[in-house]
Amino acid sequence: MNRLKDMLVGSLLALAIVAPNWAKADPVTVERPRFSDQIEGSGPDLIFIPGLASSRDTWKATAERLKPHYRVHLIQVAGFAGESARDNASRAVLVPTAEAIDAYLVEQHLTPATVIGHSMGGTMTLYLAAHHGDHYKKVLIVDALPFFGVLMGGPNATADSVKPIADGVRASASTPPDPQRAAQTDQMIAGMVTAPADQQMVLGWGHASDRAVVANAMADDMTLDLRADFPKIAVPVTLLYPDNGAPARMDPFYQAAFAPLPNKTLIRIDNSRHFIMLDQPAQFDAALDRFLKS
């Protein structure tokens, strides 16, 4: 009897030693024609979509913090940040990828889903809330607009009026890179985040992205106007937006952009630029936690 007791105690001790290793299982990556999904953690599912030419590492710190309590899905768009273009090598990117993500969530029984999207990923998220609202519980958008075209064509811009600009962006992918224009683009991208190390990381994602996929995705974003879809969106939407060093200008800009949306919460994150989660991680975490508990 004592020998049996010792064996049982030894087995329990062995389980106690190896159990933490089970919790540290390697992430699983699912590859689809238009995106991939890196899955880690356990608990309720959360879907994260990064922005234009961005890596899933946009959410790396967030995933590390949340994965003990949630099963985190880190999407990466095919053609961005070193991932092969696959089906996104064709002309349209934004809407087909959003539709592919929605189909995947339904197929994997992840709906109604909670989705967090940054920049173009936020535009995809807003599109999904408008076109497949019953598949979503609530969404959080990090610095995205219902119509990106206003930044190119002014407050009275329409999808038609910015189309020539979008067509020029698409065509640029088939011409040799212009060093001067590339330097200007790098300077603009670096201005989207504060810390030099983060600037270099974001620039690295852009340089590793497929030029044609980025050009087509940007042109898609310029000409996709979701403002008319606002009345169809019943899903609760939370928007985090940066102050960009000028809160007196940013507040009315974002409030006007989302004014017709019925079920919304707008939150300004101070001392931040476009990559809010990198510039102000503590403020971002607090806002995300409030969203998840709501």
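First, a word on what this report is: a plain description of the structure on this page. In this text the structure is predicted, and so the values were computed from the model without any measurement.

Right, let's talk about the packing of helix α7 (residues 179-190) against helix α8 (residues 196-207) for a bit. Two numbers describe how α7 lies on α8: the axes approach to 9 Å, and their chain directions differ by 135 degrees. By the angle between their axes, α7 is oblique relative to α8. As α7 runs across α8, the sense of the crossing is right-handed. Seen from α7, the contacting residues are D186, I189 and A190; seen from α8, they are Q199, V202, L203 and H207. Across the contact of α7 with α8, the residue classes tally to 4 nonpolar, 2 polar and 1 charged.

Of the voids in this model, the largest pocket is the one considered here, and its volume is about 1,600 Å³. For the largest pocket, the lining is made up of 48 residues, of which L52, T185, M188, I189 and M218 are closest to its centre. Of all the secondary-structure elements, those providing two or more residues to the lining of the largest pocket are α4 (120-131), α5 (150-153), α6 (159-172), α7, α8, α9 (211-223) and α10 (247-258). Here the element with the most residues in the lining of the largest pocket is α7; it accounts for 7 residues. Of the residues belonging to the lining of the largest pocket, the class tally is 25 nonpolar, 16 polar and 7 charged.

So, on to the packing of aromatic side chains. On inspection of all chains with the given rule, the structure shows 7 aromatic pairs. Their ring planes at 55 degrees and their centres at 6.4 Å tell us that W205 and F275 sit as a pair that is tilted. Here F275 lies in the loop between β8 (264-269) and α11 (276-279) and W205 lies in helix α8, a separation of 70 residues in the sequence. Like F275, W205 is buried.

Looking now at the pairing of strand β6 (residues 136-142). Most of β6 sits out of view: 6 of its 7 residues are buried. Read as a crossover between parallel neighbours, the route from strand β5 (residues 113-118) over α4 to β6 is right-handed. Here 4 bridges tie β6 to strand β7 (residues 237-242), and the two strands are oriented parallel to one another. Paired with L140 across the two strands is T238, which belongs to β7.

Applying the stated criterion across every chain, the model contains 15 salt bridges. Its salt-bridge partner being R32, residue E107 comes within 2.6 Å of it at the nearest N-O pair. Here E107 is found in helix α3 (residues 94-107), whereas its partner R32 is found in the loop between β1 (28-31) and β2 (35-41), with 75 residues between them in sequence. For R32, a relative accessible area of 23% corresponds to the partly exposed category. Between R71 and D45 there is a salt bridge, with its nearest N and O atoms 2.7 Å apart. Of this pair, R71 sits in strand β4 (residues 71-77) while D45 is found in strand β3 (residues 45-49), placing the two residues 26 residues apart along the sequence. Overall, the relative accessible area of 30% leaves R71 in the partly exposed class. Of the residues examined, D45 reaches a relative accessible area of 25% and is grouped as partly exposed. The structure contains a network of salt bridges with shared partners spanning E31, E83 and R86.

About the thresholds
Residues numbered from 1 in each chain as written. Predicted model: local features only at pLDDT ≥ 70, side-chain atom pairs only at ≥ 80, totals over all residues. Heavy atoms only, no water. Axes fitted to C-alpha atoms, helices over the stretch in contact; angles between N-to-C directions. Helix = DSSP H or I, 4+ residues; strand = E, 2+ residues; numbered from the N terminus. Parallel < 35°, antiparallel > 145°, perpendicular 65-115°, else oblique. Left-handed = near helix turned anticlockwise from the far one by under 90°. Contact = heavy atoms within 4.5 Å. Nonpolar A, V, L, I, M, F, W, Y, C, P; charged D, E, K, R; others polar. 1 Å grid on protein atoms, 1.4 Å probe; cavity = no way out; pocket = protein on both sides within 12 Å on 5 of 7 lines; lining within 4 Å. Points joined across faces, edges and corners; volume = space filled by probe spheres on them. Phe/Tyr/Trp six-rings, centres within 6.5 Å; stacked < 30°, edge-to-face > 60°. Buried < 20%, exposed > 50% of the residue type's maximum accessible area, 1.4 Å probe, protein only. Right-handed = clockwise from strand over helix to strand, strands pointing away. Pairing = 2+ DSSP bridges. Salt bridge = Lys/Arg side-chain N within 4 Å of Asp/Glu carboxyl O.

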